[in-house]
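Secondary and tertiary structure notes
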Amino acid sequence: MNDTDVLLSDLPDSSAIKEAALSYVTEAFAEAELDGLDADYMAQAALVAAFHELVATYGEEAVAQYAEGLPERIRGGAFTKGHKH
């Protein structure tokens, strides 16, 4: 990583922008479901597309560092809707 690389943690925390982006993704999932696609396939495709975009924007090392924190966030319920299993 060099001095011009932007760390993902340095991005501004704009809740409105994040909510709008999540709304677009949620709508895409709903449309895919209406077309008969399984949500699991959509989720996996969305992850691949997201990581492609992140790597193109920030580079492999910055994204790998970001991804290292995902297990803790997942286990901590950061992505859980409703009740935890």
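Described in the following lines is the structure provided in the data block.

Rules used throughout
- Residues numbered from 1 in each chain as written.
- Predicted model: local features only at pLDDT ≥ 70, side-chain atom pairs only at ≥ 80, totals over all residues.
- Heavy atoms only, no water.
- Helix = DSSP H or I, 4+ residues; strand = E, 2+ residues; numbered from the N terminus.
- Expected span 1.5 Å × (residues − 1).
- Buried < 20%, exposed > 50% of the residue type's maximum accessible area, 1.4 Å probe, protein only.
- Contact = heavy atoms within 4.5 Å.
- Axes fitted to C-alpha atoms, helices over the stretch in contact; angles between N-to-C directions.
- Parallel < 35°, antiparallel > 145°, perpendicular 65-115°, else oblique.
- Left-handed = near helix turned anticlockwise from the far one by under 90°.

As for helix 1 (residues 15–34)
Given a rise of 1.5 Å per residue, 20 residues ought to cover 28 Å, and the 28 Å separating the end C-alpha atoms of helix 1 matches this to within 8%. Immediately downstream of helix 1, the backbone of G36 shows phi near 95°, a positive value.

Brief notes about the environment of R73
Mapped onto the elements of the fold, R73 is located in helix 4 (residues 70–75). The partly exposed category is assigned to R73, whose relative accessible area is 38%. What R73 contacts, discounting residues up to four positions off in sequence, is Y66, A78 and F79.

Details of the packing of helix 1 against helix 2 (residues 39–58)
In contact at an axis separation of 10 Å, helix 1 and helix 2 are set at 140° when each is read in the N-to-C sense. When the interaxial angle is binned, helix 1 and helix 2 end up oblique. By crossing handedness, the relation of helix 1 to helix 2 is classed as right-handed. Packed against helix 1, whose contacting residues are A28, F29 and A32, the element helix 2 presents A39, M42, A43 and A46 at the interface.

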